[in-house]
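Take a look at the letters that make up each chain.
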Amino acid sequence: MTEQQRFTPKQLGIVFTIAAVQFVNILDFVMVMPLGPDFAKSLGISEAQVGTVAAGYTAAAGLSGFLGSFFLDRFDRRKALAVSLAGLALGTALGGLAQGMATLIAARVVAGFFGGPATSLSFSIVSDAIPTTMRGRAIGIVMGAFSVASVVGVPLGLYLAELSGWRAPFFAVAGLGALINVAAIALLPPMREHLDARHRPVSLKELLGNSTVLLSFTMTACVMAAGFSVIPNISAYLQMNLSFPRDHLKYAYMFGGVASFFATQYGGRFVDRFGSFRVGTAGAASVIAVVAAMYVPAWQEWPVGLVYAFFMAFMLANGVRNVSYNTLASKVPAPQVRARFQSLQSAVQHGASALAAVAAAQVLGRAPRPDGQGQRLTHMDWVAMGSITLTLIIPVLLFVVERRVKAQAAKALQAPTSGARSPA
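Cut-offs applied
Residues numbered from 1 in each chain as written. Predicted model: local features only at pLDDT ≥ 70, side-chain atom pairs only at ≥ 80, totals over all residues. Heavy atoms only, no water. Core = buried A, V, L, I, M, F, W, Y, C linked by side-chain atoms within 4.5 Å. Buried < 20%, exposed > 50% of the residue type's maximum accessible area, 1.4 Å probe, protein only. Helix = DSSP H or I, 4+ residues; strand = E, 2+ residues; numbered from the N terminus. Contact = heavy atoms within 4.5 Å. Salt bridge = Lys/Arg side-chain N within 4 Å of Asp/Glu carboxyl O.

### What to know about the nonpolar core
The biggest cluster of nonpolar side chains holds 116 residues, and the ones touching the most others in it are Ile18, Phe39, Leu81, Ile130, Ile234, Leu238 and Tyr295. Here this core gets 11 residues from one element, more than from any other, and that element is helix 1 (residues 9-30). With near-sequence residues (within four places) excluded, leucine 238 lies in contact with Ser243, Phe244, Leu249, Met294, Val307 and Phe311.

Here is the structure:
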């Protein structure tokens, strides 16, 4: 590895600070799904409707992402991130005070409204600070926050819920978010280079008129819809259909998080070396294999060890696929429209996730288990087939977008230096 390929101490500090921000942001989102059966029982909510609670967050994040596209590029990214994290912490704390379905969804809407911009600003900051030749590793480190949230955060949240009830994890994550916000303000430098007068302003219409941007958003929508038609229902499915013990759930997320961590770290390195299309296609193929094996057959009970193995495989495959598409998407926009692009991408991510979660909740139902031991989720195989269909589209989009990004980079090298850059 040459000197040019190493992170500077400043770059490394920015990447790890953003990883910490994403840790609390992601933890706030992912902990709700495994806690679903707990708060469903406490608040009188059907387990089949847990996806609707998750959809409240994602729908609000999608709306705020769209609104943020109009103004986020006008501010210092560090200050905008601080406001977003403060709102996220408030919304999470309100979740711990929920008294029913309506108030819980309202709290998740508040958290999502601020969590969406926090994500888009985080990726914008990393893209501003890290050149494209090392972007895969940087994105991999930031996405490793998801893995750490699964390895450490979710198991601790589930354990805390066992000790003190399902409300306790909400308050704990809110407090952690406030602390990380203070640390981010202290450690991140001002991020104002995108405000340089040399950059030509780009309108929203001009950005959305770029076909590469639209293809990138389509790729994002397919990835997120494929994932979140399944993900919000994993906890309930494992317990209700596969007879997976509730007290093993935290270990499943821990081991799955370890698999995801290695997937994002090594996946990011492979993307820098082999490109997003090759690595992302391998990830998509693996996702299809695992989803087909877990959800399509009408099996009602699995050995605990087999559930662990498939859950880890699912997390690993998702990690490889996601780091591939995120790295590629980060290379699409020019600096002056990076937060706008990321905000719109966040809107697409969360909008597609919300639609997929709600659609899956409408398809799923409950019925008595054949053995008479409680209830099971029905029609999970239908949801899985929809997820597989969307995943089949992803490699095609990866190929087209990567080819266009390479052509765009080659054109930029040949063009004389000026402030008039392509909007993407």
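So, next bit.
### Here we look at the pattern of salt bridges
Throughout the structure, instances matching the rule amount to five salt bridges. A salt bridge links arginine 77 to aspartate 128; the nearest nitrogen and oxygen atoms lie 2.6 Å apart. On the criterion of sequence distance, the pair formed by arginine 77 in helix 4 (residues 77-95) and aspartate 128 in helix 5 (residues 101-129) is long-range, its members being 51 residues apart. Residue aspartate 128 is classed as partly exposed on the basis of its relative accessible area of 26%. For the salt bridge of aspartate 272 with arginine 137, the shortest nitrogen-to-oxygen distance reads 3.5 Å. One end of the pair, aspartate 272, is in helix 11 (residues 249-274); the other, arginine 137, is in helix 6 (residues 135-164), and 135 residues separate them in sequence. Look at aspartate 272 and you get partly exposed, because its relative accessible area is 25%. On the basis of relative accessible area, arginine 137 is assigned to the buried category, the value being 12%. A cluster of three or more residues bridged by salt bridges with shared partners is formed by Arg77, Asp128 and Arg338.

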